[in-house]
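Structural features, examined
Okay, here's what each chain looks like letter by letter:
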Amino acid sequence: MIIPQLADNLTRSGTCEPPEMCPVCGQKTVLKNESGVETLYCANADCPAKKIKAFSLFVSRNALNIDGLSESTIEKLTAGGFIKEAADFFRLDEHREEIAQIEGLGEKSFDNLIASVNNARKTTPARLLFALGITGIGSANAGVIARHCGGDWDRIISLTHDELVEIDGIGDVMADSFVSYFADEENKRRACELRDELEFEDTGEQKEQIFEGMTFVITGSLSHFSNRKELQELITDLGGKAAGSVSAKTTYLINNDTQSSSSKNKKAKELGVPIISEDEFLEKFGIESK
Ligand SMILES: [Zn+2]
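Residues numbered from 1 in each chain as written. Predicted model: local features only at pLDDT ≥ 70, side-chain atom pairs only at ≥ 80, totals over all residues. Heavy atoms only, no water.

Considering the coordination of the zinc ion
Condition: Excluding water, the donors of a metal are its N, O and S neighbours within 2.8 Å, or within 3.2 Å for Na, K and Ca, and that exclusion means sites may look incomplete. Just to be clear on the cut-offs, tetrahedral is four donors with all angles between 85 and 135 degrees, square planar is four donors and octahedral six with opposite donors over 155 degrees apart and all others between 65 and 115, and anything else goes down as irregular. The secondary structure listing takes helices from DSSP runs of H or I that are at least 4 residues long and strands from runs of E that are at least 2 residues long, numbered from the N terminus. Residue burial is assigned from relative accessible area. The probe radius is 1.4 Å, only protein chains are included, and a residue is buried under 20% of its type maximum, exposed over 50%, and partly exposed in between.
Protein coordination of the zinc ion is provided by Cys22 (SG), Cys25 (SG), Cys42 (SG) and Cys47 (SG), with donor distances spanning 2.2 to 2.4 Å. Because the angles between the four donor atoms bound to the zinc ion fall within 98 to 116 degrees, the donor set is best described as tetrahedral. Donor residues for the zinc ion sit on one chain with the sequence pattern C-x2-C-x16-C-x4-C. With Cys25 in the segment before strand S1 (29–34) and Cys47 in the loop between strand S2 (37–42) and helix H1 (48–59), this pair connects stretches of sequence that are 22 residues apart. Residue class for Cys25 comes out partly exposed when judged on its relative accessible area of 24%.

Take a look at the structure:
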């Protein structure tokens, strides 16, 4: 194959100067270099665009899972002044008449929204922890941390750096970010107010930790779970680990295409790691199919 020679950069890619101001709030931006990748941030903690992203994470499936709150609905509620911080989602009922008048909402959607909000009150410490959006704390890590504390919320939020790094999978950077989040009085107040709106349904200790000491790698598409994250969450909930790549430490590779010639399958075969399908996984561990 002939590789064409580059004569000119016609699109002028790579020549763009990053904006100095946030296009949304007009405040200064900062360019951070994170392990070789330059990322542009808006430094304003109250930037509306950042808030909307944070609220979207808060209501997302693996977080508080509040149905029916698209980003555009969140934008409308924020613009109307009904949502200033996450706990306000649980106080929407106080503004029934005004919210029902917002274009595109109406009484019916409002009732549905309130129903979803009330459903979401029953949740887990792990979901709340993930929902806070602490840098580096994804839903799997939130689960690991919550379980480590036996689902005791007060214990979770007072974890020290030393305690955190002793938890499997939590490194220095994550521990720093976690500790500095709760060291901020405002963050702590918000987290406590949220906690008061919620009812934790399980502490994470009640579930039998059947996957203790096991590491799973999931690849390919799934049919019983809506995505890999959901299956990973189930595994970590029951004491197992979900890893991204196959190694000698992998207990099982879950792949519905057990004959696939993907690199993960090859690696598993090389290392003698058993490859099981989703169905085999569910059957083997007596997990009710969804
Ligand atoms: Zn901004």
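Remarks on the packing of H1 against helix H2 (residues 71–79)
In plain terms, the rule: Only the stretch in contact is used when a helix axis is fitted, and all axes are lines through C-alpha atoms; the angle between N-to-C directions ranges over 0 to 180 degrees. Convention used here: angles under 35 degrees read as roughly parallel, angles over 145 as roughly antiparallel, angles from 65 to 115 as roughly perpendicular, and any remaining angle as oblique. Should the near helix be turned counterclockwise from the far one by less than a right angle, the crossing is left-handed, whereas a clockwise turn marks it as right-handed. Only heavy atoms enter the contact rule, under which two residues are in contact if any of them lie within 4.5 Å.
Interaxial distance between H1 and H2 falls to 10 Å at its minimum, and their mutual angle equals 120 degrees. The angle between H1 and H2 falls in the class oblique. By crossing handedness, the relation of H1 to H2 is classed as right-handed. Across the interface between the two elements, Ile52, Lys53, Phe55, Ser56 and Val59 from H1 touch Glu71, Ile74, Glu75 and Thr78 from H2.

Focus on the environment of Ala49
Relative to the helices and strands, Ala49 is located in helix H1. For Ala49, a relative accessible area of 30% translates into the label partly exposed. When the C-alpha atoms of Ala49 and Pro274 are compared, they prove to be 46 Å apart, with 225 residues separating the residues in sequence.

Overview of the layout of surface pockets
The criterion, for reference: With a 1 Å grid laid over protein atoms only, a set of points is called a cavity when a 1.4 Å probe fits there but cannot get out and a pocket when it is open yet has protein on both sides within 12 Å along at least five of seven lines; lining residues have an atom within 4 Å of a point. Grid points are joined across faces, edges and corners, and a volume is the space filled by probe spheres set on the points. Under the scheme applied, nonpolar residues are Ala, Val, Leu, Ile, Met, Phe, Trp, Tyr, Cys and Pro; charged residues are Asp, Glu, Lys and Arg; polar residues are all the others, including Gly.
Taken as a whole, the largest pocket encloses approximately 1,300 Å³ of empty space. Lys50, Ala54, Leu132, Gly133 and Tyr181 are, among the 36 residues lining the largest pocket, the residues nearest its centre. Sorting elements by how many residues they give to the lining of the largest pocket places H1 first, with eight residues. Residues belonging to the lining of the largest pocket are distributed by class as follows: 18 nonpolar, seven polar and 11 charged.

Focus on the domain arrangement of the protein
How big an interface is tends to be expressed through the accessible area that disappears when the partners come together. Here is the rule we go by: Domain delimitation in this document rests on an assignment produced automatically or drawn from a domain database. Here's the idea: put two parts together, see how much 1.4 Å probe accessible area each one loses, and the total over both is what we call buried area. The term salt bridge refers to a side-chain nitrogen of Lys or Arg lying within 4 Å of a carboxyl oxygen of Asp or Glu. As used in this structure description, the phrase polar contact means that two N or O atoms lie within 3.5 Å; if the pair is within protein, one of them must be able to donate a hydrogen and the other to accept it, and residues adjacent in sequence are counted only when both atoms belong to side chains.
Domain boundaries assigned for the protein yield domain 1 (48–120), domain 2 (125–200) and domain 3 (215–284). Taking the mean C-alpha position of each, domain 1 and domain 2 sit 24 Å from one another. Contact with domain 1, which involves 14 residues of that partner, is made by 12 residues of domain 2. Between domain 1 and domain 2 the total buried area reaches about 1,100 Å² when both faces are included, carbon and sulfur atoms providing 62% of it. For the salt bridge of Arg91 with Glu193, the shortest nitrogen-to-oxygen distance reads 2.7 Å. Our count for the domain 1 to domain 2 interface comes out at four residue pairs in polar contact (both at pLDDT 80 or more).

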